[in-house]
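Close look at the chain arrangement
Letter by letter, the chains look like this.
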Amino acid sequence: MFAIIRPMTTSPIISLDSVTAENTPPRFHLLTKPSGSTCNLDCTYCFFLSKEALYPNAKIRMSEATLEAYIKQLLESQRTPTATVAWQGGEPTLMGLDFYRKSIEFVEKYRRPDQEIEYTFQTNGVLLDDEWCAFLKEHNFLVGLSVDGTQEMHDTYRLNKGGEGTFQQVMRGHSFLRKHGVEFNILCTVNVANQHHGRKVYRFFRDELDATWMQFIPIVERATLETLPIANQGWSERPGGERLLYTQTGNMVTERSVGGEQYGRFLVDIYEEWIRHDVGDIHVQLFDVTLHAYFGEYLLCIHAPTCGYGPALEHNGDFYACDHYVEPDYKLGNIHETHMLQMVASDFQRTFGNNKRDLLTQQCQACEVRPLCNGGCPKDRFILSRDGEPGHNYLCDGLFFFFDHVRPTMNIMARLVQRGQPAARVKEWVLAEDKKRGRNDPCPCGSGKKFKACHGAIGNGRSWRDDRI
């Protein structure tokens, strides 16, 4: 049975002496959830709301003792010059500012003299105000703001506890970030409400929110035939209704989940806008990650050959293999009993990470874009391959479409970088190719539309700022 380990009342001293240096990574990225799954919103697709069932009747707030143990162990575990303190949720603003002021005190107490600290903070933005943003700016936090596109798209699933859309509240939070000059990026989920509107979403972020960093996360909610009707209703607690604990099981998906092929088309729709107008000015996480892969550098666990260096920490010190696997079978221990570095280096965790490479289907192993994709995230590997082999990625059609589509321009950017030139010069090649293309020719994005009605339409791009959505 899954046991809850209560936080200790005093900060324990966990020694690193027993950690085997041979298997310990120099750095790992830990996502910490000080308020667990508790959130002030009720987003329909947020499976993490169901994780409250792991801690029934518990006060889901990180204690000062657990906070200190977390900071101490994290900083002494990182053997690179920079350590990242990453806060997530649930909704981390629910902890209040004093909690984070205390966290910075512990950072100053335990950091090495030569150790640089980066702070990241993922939020829905609803509670942001002058006081919050002044604090975030003072300590150079990078804030991830969750927005799913225009108001109509955003308000489809990102709801408050009363079932109302939250777009206006999030825009208010965004205005405070801008007012105080807080560095921020946009985290946008890709779901059935926005999956056909890649460019429209991208241009809204770029032109209306002045975002220069964006990431697009596919919503893939797994379910079984038995659980699908309940899962389609969402993951929050319903009075008198049955509630599921979300786990990575089942080979069906909810009605909100992005289509496998459509995820790739969404990305390509954005890419064709970006490659013409915004390379070097706007950073889209997957585009940057893909270019680095051409040099054998893997910056994102999803498309790296192996994983296991992105664990998650719960409010009481429970330590899980991955943010997507906060479930009993993947709990590695608790930082009040075992040092987190020892858990990251454990045989279980290394097997978990290596299975990403070792359990690829034959179709995936033989795929020409495998060096870029590497099978995607294990959480999405639940369909049959073309040969009937289980464990293939649900998003395969879309991932292949994207990685195959971008190869010509990615190769050009890689060669430019090798020569010491800016990758942004790829725009010269793209625009030269566009001049050869007839306006009635098919758009290179693969949409089936004429170029003049798609990515060649007058008004696309930064030079036509009066053509906003």
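Heads up: these notes are all about the structure in this document. It should be emphasised that the depicted structure is a prediction, and the values quoted were computed from it without experimental measurement.

1. Focus: the layout of surface pockets
Its volume calculated, the second largest pocket comes out at about 380 Å³. If you trace the second largest pocket, you find 17 residues lining it, with His196, Arg199, Asp269, Ser447 and Lys449 closest to the centre. Of all elements in the fold, only α6 (198-208) and α8 (260-277) reach the threshold of two or more residues within the lining of the second largest pocket. Here the element with the most residues in the lining of the second largest pocket is α8; it accounts for five residues. Looking at the lining of the second largest pocket residue by residue, the classes come out as five nonpolar, six polar and six charged.

2. Concerning helix α16 (residues 426-436)
Note that an α-helix has 3.6 residues per turn; residues three or four places apart therefore point the same way. Within α16 the residues assigned to the buried category are Val426, Lys427, Val430 and Asp434. Around the axis of α16, the buried residues are gathered within 100° of arc, so they sit on the same side. What points out from α16, more than 90 degrees from its buried face, is the exposed set Lys435 and Lys436. Of the surrounding secondary structure, the elements contacted by the buried residues of α16 are α8 and α15 (407-418).

3. Considerations on the pattern of salt bridges
Taken as a whole and assessed by the stated rule, the structure comprises 27 salt bridges. The salt bridge involving Glu273 is made with Arg206; its shortest N-O contact spans 3.0 Å. Taken as a pair, Glu273 in helix α8 and Arg206 in helix α6 lie far apart in primary sequence, 67 residues in all. Assigned by exposure class, Glu273 and Arg206 land together as buried. Connected through shared salt-bridge partners, Arg203, Arg206, Asp207, Glu273 and Asp278 make up one network.

4. Digging into the packing of aromatic side chains
Under the definition given, this model contains 29 aromatic pairs. A ring pair is formed by Tyr271 and Phe402, whose centres lie 6.2 Å apart and whose planes are at 85°; its orientation type is edge-to-face. One end of the pair, Tyr271, is in helix α8; the other, Phe402, is in helix α14 (residues 396-405), and 131 residues separate them in sequence. The exposure classification of Tyr271 matches that of Phe402, with both residues buried. Over the aromatic face of Phe106 sits the side chain of Lys102, whose NZ or CZ is 5.7 Å from the ring centroid. Sitting over the face of the ring of Phe451, Arg437 holds its NZ or CZ atom 5.3 Å from the ring centroid.

Rules of the game
Residues numbered from 1 in each chain as written. Predicted model: local features only at pLDDT ≥ 70, side-chain atom pairs only at ≥ 80, totals over all residues. Heavy atoms only, no water. 1 Å grid on protein atoms, 1.4 Å probe; cavity = no way out; pocket = protein on both sides within 12 Å on 5 of 7 lines; lining within 4 Å. Points joined across faces, edges and corners; volume = space filled by probe spheres on them. Helix = DSSP H or I, 4+ residues; strand = E, 2+ residues; numbered from the N terminus. Nonpolar A, V, L, I, M, F, W, Y, C, P; charged D, E, K, R; others polar. Buried < 20%, exposed > 50% of the residue type's maximum accessible area, 1.4 Å probe, protein only. Arc of directions from axis to C-beta. Contact = heavy atoms within 4.5 Å. Salt bridge = Lys/Arg side-chain N within 4 Å of Asp/Glu carboxyl O. Phe/Tyr/Trp six-rings, centres within 6.5 Å; stacked < 30°, edge-to-face > 60°. Lys NZ or Arg CZ within 6 Å of the ring centre and 35° of its normal.

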